[in-house]
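Summary of structural features
Okay, here's what each chain looks like letter by letter:
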Amino acid sequence: MGGAASTIAAKLAFFPPEPSYQVDLDEPTQKLKLLGVPQSDKGDVSILQTKRGHYIFAVFVRNKGATLTLLYSHGNAADIGQMFQFFIELSDRLHVNVMGYDYAGYGRSNGEPSEQNTYADIEAVYKCLKEIYEVKEEDIILYGQSIGSGPTLELATKLPQIRGLILQSAILSGLRVMYRIKYSLWLDIYKNIDKIPYVSCPILVIHGIEDEVVDISHGKKLWELSKMKYEPLWVNGGNHCDLQVFPQFFTHLKKFITSMERQSDFKTVELEESIIDLNYTLDITNDIKCRPSIEEIEKSRISTEQKEIIAIRPSTDRKLKPRISVDKREKPRKSMDYFGKSRISTDQAERGRNSIDRFGDMMRSVALCNIDCLRQTLSQED
């Protein structure tokens, strides 16, 4: 029953946009690069294999002399191509390295988005930071925006030595975006309200007072439940996706980063083997020869999607209403020049909804990051 509820929630909660970038191999350097993204040469692109069998894309923006690294989990309706300039801005203004990634089913990552898949995704990125970029756990700050607060808090509960945690426009849980409920229900997703008391690092909460998507009460409750509270930032006049235009946004972030840089005393806590399982195979190295081949990724993508297409054809589908995206009906995705065959996305097929339409409306409200707002923010910054 729990598995079925999780599947339903995933269909209603995630809205991957049409990919904003393509990936190609730079022949002279033998490194992957983003195509169609301004200043893409400032980021190192990696393909990571998750323990759930997906290949996801990540980008690492390096800042020379930085001592801390942000592991950034973006909001809904966005991908690393759209977020890339913001990653650069974070790196430049805060003097940190930034690692961003796309969840399964987002951008050029294959598979389908789901709560459990996002947990596997962020674990793969964390392992990459440790093994490939040799970033220590105590030098990592986890940063979760909107729905990205889900995988961020899940990982934070398992890593007691991380330097800090930033939650921007975060949610208490999926259901709580729409309803005021006292107890967590079995069909809910991203139960951040139940996890945050177990995070053992300083926590910065940022939320817009005028947030119309995720009410500020979410941010205030998360801050209240934090064990190690840092001075929060409640942005007067700030909505859900425009916080970057307010001067105090980067000022407060810089203050937090500076405070984290000054910390030197960390309690050594031995991790139990059962806390986090990162002992799966990760086919990534600085040598391009060890990356999965394009054919492997394409076969994995098509195989996954064919199974999912078959799985969503019960006879009851004809009784259900067609799925409508938050912004518009999803268009067929364009093929990648380098990856060959066109991507067949099951998200773009019209799907039925069952009788829990009210729950669907709630999850739709977790559009969580209107990328148009972010674009407007960046243009204003320019």
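Let me sum up the structure you'll find in this document. (Residues numbered from 1 in each chain as written. Predicted model: local features only at pLDDT ≥ 70, side-chain atom pairs only at ≥ 80, totals over all residues. Heavy atoms only, no water.)

Before going further, it helps to examine the overall build of the protein. Of the regular secondary structure elements, the protein holds 10 helices and 12 strands. Looking at the protein as a whole, 55% of its 382 residues qualify as buried. Contacts spanning at least 24 positions in sequence make up 75% of the contacts within the protein whose residues lie at least 6 apart. Here the protein has roughly 17100 Å² of accessible surface; of this, 49% comes from carbon and sulfur atoms. (Helix = DSSP H or I, 4+ residues; strand = E, 2+ residues; numbered from the N terminus. Buried < 20%, exposed > 50% of the residue type's maximum accessible area, 1.4 Å probe, protein only. Contact = heavy atoms within 4.5 Å. Areas by Shrake-Rupley, 256 points an atom, 1.4 Å probe, with all protein chains shown as cover.)

Between helix α2 (residues 80-94) and helix α7 (residues 247-262), the least distance of the axes is 10 Å, while the angle of their chain directions is 55°. In terms of axis orientation, α2 runs oblique to α7. Every pair of crossing elements has a handedness; the one defined by α2 and α7 is right-handed. Across from F86, E89, L90, R93 and L94 in α2, the residues of α7 making contact are F249, F250, L253, K254 and I257. Its residues assigned to classes, the contact of α2 with α7 shows seven nonpolar, no polar and three charged. (Axes fitted to C-alpha atoms, helices over the stretch in contact; angles between N-to-C directions. Parallel < 35°, antiparallel > 145°, perpendicular 65-115°, else oblique. Left-handed = near helix turned anticlockwise from the far one by under 90°. Nonpolar A, V, L, I, M, F, W, Y, C, P; charged D, E, K, R; others polar.)

Considering all chains together, one arrives at 11 aromatic pairs under this definition. Note on F14 and Y190: the rings are 6.3 Å apart at their centroids and 85° apart in plane angle, and the pair reads as edge-to-face. One end of the pair, F14, is in the loop between α1 (2-13) and β1 (22-26); the other, Y190, is in the loop between β8 (164-168) and α5 (192-195), and 176 residues separate them in sequence. Given a relative accessible area of 1%, Y190 falls into the buried group. Summarising the aromatic geometry, the rings of F86 and F250 are spaced 6.4 Å apart at their centres and angled 55° between planes, so their arrangement reads as tilted. Taken together, the residues F86 in helix α2 and F250 in helix α7 connect sequence positions 164 residues apart. Accessibility expressed as a relative area gives 6% for F250, which makes it buried. (Phe/Tyr/Trp six-rings, centres within 6.5 Å; stacked < 30°, edge-to-face > 60°.)

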